Amino acid sequence: MTTIYNLSIAANVTLDMHSLNNEGGEGNQIQTRIVTVVDDQGRLHSVNAISGDMLKHIQAEHLYYLAKDDADLPLCKACSIFDANRMSADPDFQKFLKGKPTPVQVVDKLLACTLDDLEGNLITQGNQSVPRKSVVEFGWAIGIPESVSTEQYFHVKYDPDRREIPTEKTERSGNLGQAIFHRPANSGQYALIVSVEASRIGFNDINQSYAEGVDREKRLKALLESLLYTFVQPSGAMRNTQNPHIVAAKGAISYSTAPAPAPLISPLNRGFVDEMQQVAQALNGLHQDRIHVLPFNSLAEFAQLMQSLIADAQPYTFTL
């Protein structure tokens, strides 16, 4: 078995003709999300980017379907219908809060649900302010400067009944008739980073203890599987006609087998894989063979590495 304390993924992912990163629309113009970043040479660049919120939603949805298919990955009533509020929208949990439980009891209740445990939650009902920090963390998927492009395309909804004078039908609904709109398509290489705190699965951070009855190993395997699916099928906006072309993925998976951070360098740094390996070498000088780095040069290699980890993974357990 492979014990995992912390796991990180850094990947340079090539996506073509996608629209996963829209921030809204103005009139008939859909706007793509643009951010300003600094490269490894200290130069400023404006590039398009996919929000970490979008990426985490994609991963959480994959995890939801895995949990729905496995009785050992329990879900609360709200998460069983993939409610964005998670356990906060569960009637049984709302009733539980009326009994004025302690923060420790609230977190223990959250840990009973796979999604609340792994994806996190913040309880503010009943004068509570109790956080459950997510086990999995995403950064933005940032377009690598000079390797990403955004273009606008003209579209029209075809209506065979085109008329200069509005009909009674079109006056009743603004969604009928011929519509003209512009929407973006983005292509390029994106820097994507993910971190997993495997040791915290089923762990109550307040009283520093593990919840009873939680299959931590199964939850870790499901979480890693959902991460793999996130790379294989990045769902999101406008996939009905702009399903992303996944062209390439290269980078590295790093993990630690005991308390130590798994090295994570952004692919905005062109030498990120080499630096992750050098950091791992330095950390292993403190604790021999505690850090491992697994480079990959294609999505197929990444899938094979993740499959091997999923098969053998078990979460690190603190000695309490």
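Our subject is the structure listed above.
Residues numbered from 1 in each chain as written. Predicted model: local features only at pLDDT ≥ 70, side-chain atom pairs only at ≥ 80, totals over all residues. Heavy atoms only, no water.

## Looking at the packing of helix 6 (residues 216-232) against helix 8 (residues 299-312)
Item 1. Direction vectors running N to C along helix 6 and helix 8 enclose 170°, while the axes themselves pass 9 Å from each other. By the angle class used here, helix 6 and helix 8 are roughly antiparallel. The segment helix 6 lies against helix 8, with Lys221, Leu224, Glu225, Leu227, Leu228 and Phe231 engaging Leu299, Phe302, Ala303, Met306, Ile310, Ala311 and Asp312. (Axes fitted to C-alpha atoms, helices over the stretch in contact; angles between N-to-C directions. Helix = DSSP H or I, 4+ residues; strand = E, 2+ residues; numbered from the N terminus. Parallel < 35°, antiparallel > 145°, perpendicular 65-115°, else oblique. Contact = heavy atoms within 4.5 Å.)

## Considering the pairing of strand 5 (residues 34-38)
Within a regular strand, side chains alternate between the sheet's two faces.
Item 1. Judged by which residues are buried, strand 5 turns out to be one-sided: Val35 and Val37 face inward and are buried, whereas Ile34, Thr36 and Val38, on the alternate face, are not.
Item 2. Two elements, strand 5 and strand 6 (residues 44-50), share five bridges in a ladder whose sense is antiparallel. From the neighbouring strand, isoleucine 34 faces strand 6, where its bridge partner is asparagine 48.
Item 3. Counting the residues in the hairpin turn of strand 5 and strand 6 gives five residues, including glycine 42, whose phi is positive at 85°. (Buried < 20%, exposed > 50% of the residue type's maximum accessible area, 1.4 Å probe, protein only. Pairing = 2+ DSSP bridges.)

## Some words on the nonpolar core
Item 1. Judged by nonpolar contacts, the single largest core of 65 residues is most densely connected at Ile4, Leu7, Ile9, Leu224 and Leu227.
Item 2. Of all the elements, helix 6 adds the most residues to this core, at seven residues.
Item 3. Leucine 227 has contacts with Ile9, Gln59, Val136, Phe138, Val194, Val196 and Met306, leaving out every residue within four places of it along the chain.
Item 4. Within the second largest apolar cluster, nine residues are counted, among which are Phe272, Ala280, Ile291 and Val293. (Core = buried A, V, L, I, M, F, W, Y, C linked by side-chain atoms within 4.5 Å.)

## Things to note about the pattern of salt bridges
Item 1. Within this structure, the stated rule accounts for twelve salt bridges.
Item 2. Taking the shortest distance from any N to any O, the salt bridge between arginine 200 and glutamate 197 comes out at 3.5 Å.
Item 3. In this structure, the salt-bridge partner of lysine 221 is glutamate 217, at a minimum N-O distance of 4.0 Å. Residue lysine 221 and its partner glutamate 217 are located together in helix 6, separated by four residues, close to a single helical turn.
Item 4. Given the relative accessible area of 18%, lysine 221 is considered buried. (Salt bridge = Lys/Arg side-chain N within 4 Å of Asp/Glu carboxyl O.)

No statement about biological role is implied by the geometric values presented.
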